[in-house]
Amino acid sequence: MNPELERNLWLEVSLHKLLLIPALVFAAAALVHATDPTGIGVNKLAMTGFLVTTMVWGSRQAANSVLEEARSRTWDIQRMCALSPWRMTWGKLLGATAMSWYAGLCCLLVFVGSGGADLRHGVEVTVLVLAVAVLTHALSLIGALVGLHRGEGLQSRFANLLVVGLLVFLLPNVMNLIDPKATLLWFETPLKRLPFAAVAATLFAAWAVLGATRAMSMELKIATRPDAWLAFCVFAGVFITGFSGVAPEPSLPLLRCLCATLCVTAIVQSYIAGFSYPSDFIQMRRAERAVAAIHYRRALEELPLWSVSAAFALIMGVLTAALGAAPELTNQRLDNLGPVALAGALMMLRDLMLLSYFGMTQRRGTPEGTAIIYIGILDGLLPALLPQIGLSSFVPAFWPPFFSAPLTAIVILSVHCAVVLFLALRAYRRLEAGLNETPGE
Amino acid sequence: MIEVRGLSYEYPGLRALADVSFDIARGTITALVGPNGAGKTTLLRCLAGMERPLSGSIRVNDIDVIEEPRRSHRHVGYLSDFFGLYDKLTVRQCLRYVGAANGLAADALAATVADTAAELGIHERLDQRTGELSRGLRQRVAIAQAIIHGPTVVLLDEPASGLDPEARYALGELFLTLRRRGMTLLVSSHILAELEAYSTHMLILRGGQLVEHRALAQSLETTTHMEVRSLDGAASLGAALAREALVTELAVDGDTVRFTFKGDEQQRAALLHALLTTGLRVSHFAAVAEDLQQSYINSITRGQAR
């Protein structure tokens, strides 16, 4: 048996819990059935019970499987053992959440028993909700590992928000989502919604588990390349493109639409990575040394995750622009998809370089907080303030005209990027000089 | 056994290790000493594959620790300064987990747990939860966890902190036992007198730089700390000793002259003869055993002078 799974089972499983949980679930089901003999109430309660126990309790347990280690100073024991990141990850995901799974499966049993639906529908629903539960557990584990990486000892707020958001969305809509008759269009193909959702959730859950394994590798100081990060970006981009509904439009051929979606996906991923794993001076030093030593594999391992997806976003932005017809590359049309995507990528690059700059210069507080404040000033406060003091013509210098004049926006954002890059490089060289002047303490 | 080359580690705004290189031979116990913030813990964590250095290489048992940290963990045991234990698990469960997680075969696990517990004197506590144990017993469980998989290298960061004198003595005895079993130990501690009891080598770090790394016993054979007194006064005695090539670090302390003599017994006899030949009435001529504390102070002083 996986030692990590075994250890978690030692901690989680007790005879008391094994007896109490089904007793509570079946008692609640019997109570509801007594008031509503149609079985609909029990059916809803069971599904809600499954989602709450697995998504709330299970996610909390998955995160605590790492955070508790940090709190009780046992994380070093785990880091010193020879288990692979994969075994460590699935041992935690399955072991720490064992009792929530037990409770959830009791609920699922009641759901299937009270539903009266056909077998196929039951299997599809079961696959869907199991996948959603695994997805939330893996996201929580990633969040905890990010929190650990940042030395906060807290779960990442982003992962928490994602899990809560998913729960808030699912709980009121769950019975509608599992409607066996509902259909949807994906790449212009009509598909039954429930099996599609089940397959999609399973795939996203698999990606989340892979992500958790990668995050675990990083915390175990095992070098990882950003290939999975980019592969997920492509997967998510293709998945979302299927819903765009613009593929048949002659002005937006599928390939161009895909490139634009990949650009947007990469931008979103870059922001997530940038604020989850902010690049620090030491990491940049390592990357610089690896490049200087012409050790490109090591350089890829050392590069901040955000920089890789940011580069991908820029490439996709350029590609989207290049794939466009010549008349589109003007400032006249709203559907200048390529230049807009490129401008968006440049804006993301500026913001994340600004974050890196504050990471190198700020001694107190969080660089993320300061970066958000300055991004707010640049993109919100100044464009709102300037017209009030009669300087409307300066507004585009801070909030570029993305849609009305995307080419102008690209020029302005390139200047922004150049200025922030200059500041970041200067801060980097200063820190480097400081280290060279005072070796040791 | 341990090969470190050009190891540098940086924290933001601080170079914790600067181009550190050394080799540690199999079956030795090396005392890792240095002032607070010298980089001792960072060095141990890098050796254990728990931190990725800025540059340099670390090999343990010919395994590249930076490239393959998890593989190296089968050969390395590490006890952190601020270690924790799974308080809700029993000692047996803790040891089983660490043993299995480090690749011990399932059929050998029970016997290995029993043997390790017996070696550490915690065999009667195997079914007790670690959260119920005293500080000393918890320390033993932590050490048992570090060595249960039979590592060839054991890294210990302040292993005796918080232990009473009796437990410290037992710990020293345990280290000597582990050494006899062929393990290589690197022990960081502030309590130099305690390290003296079992260390064969000393590695001194200061400001992230390696000040000195040498064998303690071997050096004592060729380097002696001497103190000499003469009825003719310390000044004339000091002047005579200053002319001797093998005399270094000369210091006058009242009527006593202390110095380091780099020579064997024959050369020491020749020095005494030379002093008597000059007509000095030598009343005291003795080799003073160098303790680790003094050795450390001397090394640090030399390092500062350089």
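What you see is a predicted model, and the numbers here were worked out from it, not measured in a lab.

A.B. asks: For this particular structure, what's the right way to read the overall build of chain B?
C.D. replies: When helices and strands are counted, chain B shows 11 helices and 14 strands. C-alpha atoms of chain B, sized along the principal axes, occupy 75 × 45 × 30 Å. Among the 306 residues that make up chain B, the fraction classed as buried is 41%.

A.B. asks: Would you mind showing me how to read the pairing of strand β8 (residues 184–188) of chain B here?
C.D. replies: On a regular strand, one side chain projects to one face of the sheet and the next to the other, so that they alternate. Residue and element names in this part refer to chain B. Buried residues dominate β8, accounting for five of its five residues. Judged from the four bridges that link them, strand β3 (residues 29–33) and β8 form a sheet pairing that is parallel. When the bridges of β8 are listed, threonine 30 appears paired with leucine 186. By the bridge criterion, five bridges tie strand β7 (residues 153–157) to β8 in an arrangement that is parallel. By the bridge assignment for β8, valine 154 is matched with leucine 185.

A.B. asks: Sorry, what's going on with the confidence of the model for chain B here?
C.D. replies: Do not read the fine detail of predicted coordinates wherever pLDDT is low. Of the residues in chain B, 93% reach a pLDDT of 70 or more, and the chain-wide mean stands at 85. In the predicted assembly, ipTM is 0.81 and pTM is 0.81.

A.B. asks: How should the sheet that holds strand β2 (residues 14–24) of chain B be read in this particular structure?
C.D. replies: Residue and element names in this part refer to chain B. What the four strands build is an open sheet, ordered β2-β1-β4-β5; its pairing is antiparallel. Two strands in the sheet have a free side with no partner beyond their single neighbour: β2 and β5 (63–64). For strand β1 (residues 2–11) and β2, the ladder comprises seven bridges, and the chain directions are antiparallel. When the bridges of β2 are listed, glutamate 3 appears paired with aspartate 23.

A.B. asks: For this particular structure, what's the right way to read helix α5 (residues 135–147) of chain B?
C.D. replies: Residues lying three or four places apart along an α-helix face the same way, a consequence of the helix completing one turn every 3.6 residues. Residues and elements named next belong to chain B. Here α5 spans 19 Å end to end across 13 residues, near enough to the 18 Å set by a 1.5 Å rise per residue. Buried residues dominate α5, accounting for 10 of its 13 residues. When α5 is considered as a whole, its buried residues turn out to be Arg138, Gln139, Arg140, Val141, Ala142, Ile143, Ala144, Gln145, Ala146 and Ile147.

A.B. asks: Where do I start with the nonpolar core in this structure?
C.D. replies: The tendency in soluble globular proteins is for nonpolar side chains to be buried as a group. Residues Ala138 and Leu141 of chain A together with Leu47 and Leu155 of chain B are the most contacted members of the largest nonpolar core, which totals 127 residues. A per-element tally of this core places helix α7 (residues 119–149) of chain A first, with 17 residues. Once residues lying within four places of it in the same chain are set aside, the contact partners of leucine 141 of chain A are Ala62, Ala63, Val66, Lys92, Leu93 and Ala212 of chain A. Counting 48 residues, the second largest nonpolar core, distinct from the first, contains Ala260, Val264, Leu355 and Ile410 of chain A.

A.B. asks: Please clarify how the pairing of strand β1 (residues 183–186) of chain A should be interpreted in this entry.
C.D. replies: Residue and element names in this part refer to chain A. One ladder, built from four bridges, connects β1 with strand β2 (residues 189–192); its direction is antiparallel. Directly across from leucine 184, in β2, lies its bridge partner leucine 191. Here β1 folds back onto β2 in antiparallel fashion, the turn holding two residues, of which phenylalanine 187 has a positive phi close to 50°.

A.B. asks: Got a minute to help me understand the interface of chain A and chain B in this structure?
C.D. replies: Interface size is commonly expressed as the accessible surface area that is lost when the partners come together. On the side of chain B, 39 residues touch chain A, which itself brings 31 residues to the contact. Contributions of two or more residues to the side of chain A that touches chain B are made by α1 (3–12), α4 (75–80), α12 (281–292) and α18 (406–437) of chain A. Considered class by class, the residues forming the side of chain A that touches chain B number 15 nonpolar, five polar and 11 charged.

A.B. asks: Honestly, the environment of proline 226 of chain A in this entry has me stumped. Any pointers?
C.D. replies: Within the secondary structure, proline 226 of chain A sits in the loop between α9 (193–219) and α10 (227–241). In contact with proline 226 of chain A, other than residues within four places in its own chain, are Leu300, Leu305 and Val308 of chain A.

A.B. asks: Sorry if this is basic, but what is going on with the sheet that holds strand β9 (residues 201–206) of chain B here?
C.D. replies: Note on sheets: strands pair through backbone hydrogen bonds, and any given pair is parallel or antiparallel. Residue and element names in this part refer to chain B. Ordered by their spatial adjacency, six strands build an open sheet running β6-β7-β8-β3-β9-β10, and the pairing between neighbours is mixed. The open sheet is flanked by β6 (76–79) and β10 (209–215), the only strands paired with a single partner. Averaged over all neighbouring strand pairs, the angle between strand axes comes to 15°, with direction disregarded. Direction of pairing for β6 relative to β7: parallel, over a ladder of four bridges. Directly across from tyrosine 78, in β7, lies its bridge partner leucine 155. Packing against the sheet, helix α6 (residues 165–180) makes contact with β3, β7 and β8, and its axis sits at approximately 150° to β8.

A.B. asks: Looking at this structure, I do not really get the packing of α1 of chain A against helix α5 (residues 85–95) of chain A. What am I missing?
C.D. replies: Axis angle and axis distance: for two packed helices, these are the angle between their axes and the distance between the axes, and together they describe the pair. All names here are of chain A. Relative orientation of the contacting elements α1 and α5 amounts to 25°, with a least axis distance of 8 Å. Comparing the axis directions of α1 and α5 gives the class roughly parallel. As for how α1 packs across α5, the hand of that crossing is right-handed. Between α1 and α5, the contacting residues are Glu4, Leu5, Arg7, Asn8, Leu9 and Glu12 on the first element and Arg87, Met88, Gly91, Lys92, Leu94 and Gly95 on the second. Of the residues belonging to the contact of α1 with α5, the class tally is four nonpolar, three polar and five charged.

A.B. asks: Is there a simple way to explain the domain arrangement of chain B in this structure?
C.D. replies: Domain parsing of chain B yields domain 1 (2–214) and domain 2 (219–305). With centres defined by C-alpha atoms, the gap from domain 1 of chain B to domain 2 of chain B works out at 38 Å.

A.B. asks: In this structure, what is going on with unusual backbone geometry? I would like to understand it.
C.D. replies: Located in the positive-phi region is lysine 221 of chain A, a residue other than glycine, with phi close to 60°. By C-beta crowding, lysine 221 of chain A is classed as partly exposed, having 18 other C-beta atoms within 10 Å. A positive phi is found at glutamate 158 of chain B, a non-glycine position, where the angle reads about 50°. Assignment of secondary structure puts glutamate 158 of chain B in the loop between β7 and α6. The class of glutamate 158 of chain B is partly exposed, set by 19 C-beta atoms lying within 10 Å.

A.B. asks: Got a minute to help me understand the domain arrangement of chain A in this structure?
C.D. replies: Looking at chain A, the domain boundaries give domain 1 (1–222) and domain 2 (226–436). Here domain 1 of chain A and domain 2 of chain A have C-alpha centroids that lie 33 Å from each other.

A.B. asks: Explain the confidence of the model for chain A to me, please; I cannot follow it from the model alone.
C.D. replies: All names here are of chain A. Predicted confidence across chain A gives a mean pLDDT of 83, with 89% of residues reaching 70 or more. Between the elements of chain A, mean pLDDT differs from a low of 69, seen in helix α8 (residues 157–177), to a high of 93, seen in α5. A low-confidence stretch, residues 326–334 (pLDDT under 50), is modelled with 12 contacts involving residues beyond four sequence positions or located in other chains.

A.B. asks: Would you mind showing me how to read the environment of methionine 360 of chain A here?
C.D. replies: Residues and elements named next belong to chain A. Mapped onto the fold, methionine 360 is located in helix α15 (residues 337–361). On the basis of neighbour count, methionine 360 is assigned to the buried category, with 21 C-beta atoms found within 10 Å. Once residues within four sequence positions are removed from consideration, methionine 360 is found in contact with Phe281, Ala424, Ala427, Tyr428 and Leu431.

Parameters at a glance
- Every chain is numbered independently, its residues counted from 1 as its sequence is written.
- Each chain gets a letter, beginning with A, and each ligand a number, beginning with 1, in the order they are written.
- Predicted model: local features are reported for residues with pLDDT of at least 70 only, side-chain atom pairs are reported and counted for 80 or more only, and whole-chain, interface and lining totals are derived from all residues.
- Helix and strand definitions follow DSSP, with helices as H or I runs of at least four residues and strands as E runs of at least two, each counted in order from the N terminus.
- Burial is judged by counting the other C-beta atoms within 10 Å of a residue's own C-beta: 20 or more makes it buried, 12 or fewer makes it exposed, and any count in between marks it as partly exposed, with every C-beta position built from the backbone.
- A pair of strands is labelled paired if DSSP reports no fewer than 2 bridges between them.
- pLDDT gives the predictor's per-residue confidence on a scale running from 0 to 100.
- An expected span of 1.5 Å times one less than the residue number is assigned to each helix.
- Put simply, a nonpolar core is a cluster of buried Ala, Val, Leu, Ile, Met, Phe, Trp, Tyr and Cys residues tied together by C-beta atoms within 7 Å.
- Here, residue contact means that the backbone-derived C-beta atoms of the two residues sit within 7 Å.
- Note that Gly is not counted as nonpolar here; it falls among the polar residues with everything else outside the nonpolar set of Ala, Val, Leu, Ile, Met, Phe, Trp, Tyr, Cys and Pro and the charged set of Asp, Glu, Lys and Arg.
- Axes, fitted as lines to C-alpha atoms, cover a helix only where it is in contact. Angles between the N-to-C directions of the axes lie from 0 to 180 degrees.
- Here the angle decides the label: under 35 degrees means roughly parallel, over 145 means roughly antiparallel, 65 to 115 means roughly perpendicular, and every other value means oblique.
- The sense of a crossing depends on the near helix, which, turned anticlockwise from the far helix by less than a right angle, makes the crossing left-handed and, turned clockwise, makes it right-handed.
- Start and end points for every domain follow an automatic or database-based domain assignment.

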